[in-house]
Structure formats: C-alpha cells, structure tokens
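Single-letter residue listing:
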Amino acid sequence: MLLSLDTLPEWGMRWLNHVPVAVMSALVAQELFTTDGHFTSLSSNVEWIAALPTLWIAIQTRSLLGTVVAGILSLMLLRLLFG
C-alpha cells in the first residue's frame, strides 16, 4: 500500500529481481545439506547426488518440467539402490 504511491528507484527494482532466486537457493541448500537440522556428510547424502544430474538437466534444457522430472527420477533411483 505504501509503495503503491510512488515508484521505486531503478536500483531498488534491480535488487528485487534477485529476491526469488535467493529464496529458492536458500530452500534448496537447506534441503540438500541438512537432515533433521544437522549438517550431513556429502558422501552419504543421496539428495546431493541426485541434485547433480538434475542441475545438468536444468542447465541444458531450461525446462522446469524436465528439471522436476529429472530430480524425482534421480532421487527415486538412488533411494531404490542405496535405500
């Protein structure tokens, strides 16, 4: 309501463009590096291992659907194998 009365300066708009990326990065990092509120080792963390092919698919295709499917399939396969 307060911000609707005036326009934000250009630097403020550029800064706000980075907020969704920062929030998503924080959520993903928390999910990858912690279990029950404690840091986990990377060698026993199947989520971290599943994130690698998922990241590769995301960079190659730039498709949200493809990235989600790759992440789900990677995690399912790793949990099946290393359960």
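Residues numbered from 1 in each chain as written. Predicted model: local features only at pLDDT ≥ 70, side-chain atom pairs only at ≥ 80, totals over all residues. Heavy atoms only, no water.

Notes on the pattern of salt bridges
Scanning the model with the defined rule gives one salt bridge in all. The salt bridge partner of Glu47 is Arg79, with a shortest N-O separation of 2.7 Å. Taken together, the residues span a long stretch of sequence, with Glu47 in helix α3 (residues 46–61) and Arg79 in helix α4 (residues 64–82) at a distance of 32 residues. (Salt bridge = Lys/Arg side-chain N within 4 Å of Asp/Glu carboxyl O. Helix = DSSP H or I, 4+ residues; strand = E, 2+ residues; numbered from the N terminus.)

Some points on the side chain of Asn45
Considering the arrangement of structural elements, one finds Asn45 in the loop between β2 (38–39) and α3. A polar atom in the side chain of Asn45 sits 2.4 Å from the backbone oxygen of Leu32. For Asn45, the side chain forms a polar contact with the main-chain nitrogen of Glu47, separated by 3.2 Å. Residues in contact with Asn45, not counting those within four places in the same chain, are Leu32, Phe33 and Thr40. (Polar contact = N/O pair within 3.5 Å; in protein donor to acceptor, adjacent residues only side chain to side chain. Contact = heavy atoms within 4.5 Å.)

What about a nonpolar patch on the surface?
A surface patch of nonpolar side chains, amounting to about 810 Å² of accessible area, comprises Leu8, Met13, Trp15, Leu16, Val19, Val23, Met24, Leu27 and Val28. At the level of elements, α1 (10–17) and α2 (19–33) are the ones that each hand at least two residues to the nonpolar patch. Looking at which element gives the most residues to the nonpolar patch, the answer is α2, with five residues. Structurally, Leu16 can be placed in helix α1. The exposure class of Leu16 is partly exposed, given its relative accessible area of 38%. (Patch = residues over 30% accessible without salt bridge, like charges linked within 9 Å, V, L, I, M, F, W, Y side chains within 5 Å. Areas by Shrake-Rupley, 256 points an atom, 1.4 Å probe, with all protein chains shown as cover. Buried < 20%, exposed > 50% of the residue type's maximum accessible area, 1.4 Å probe, protein only.)

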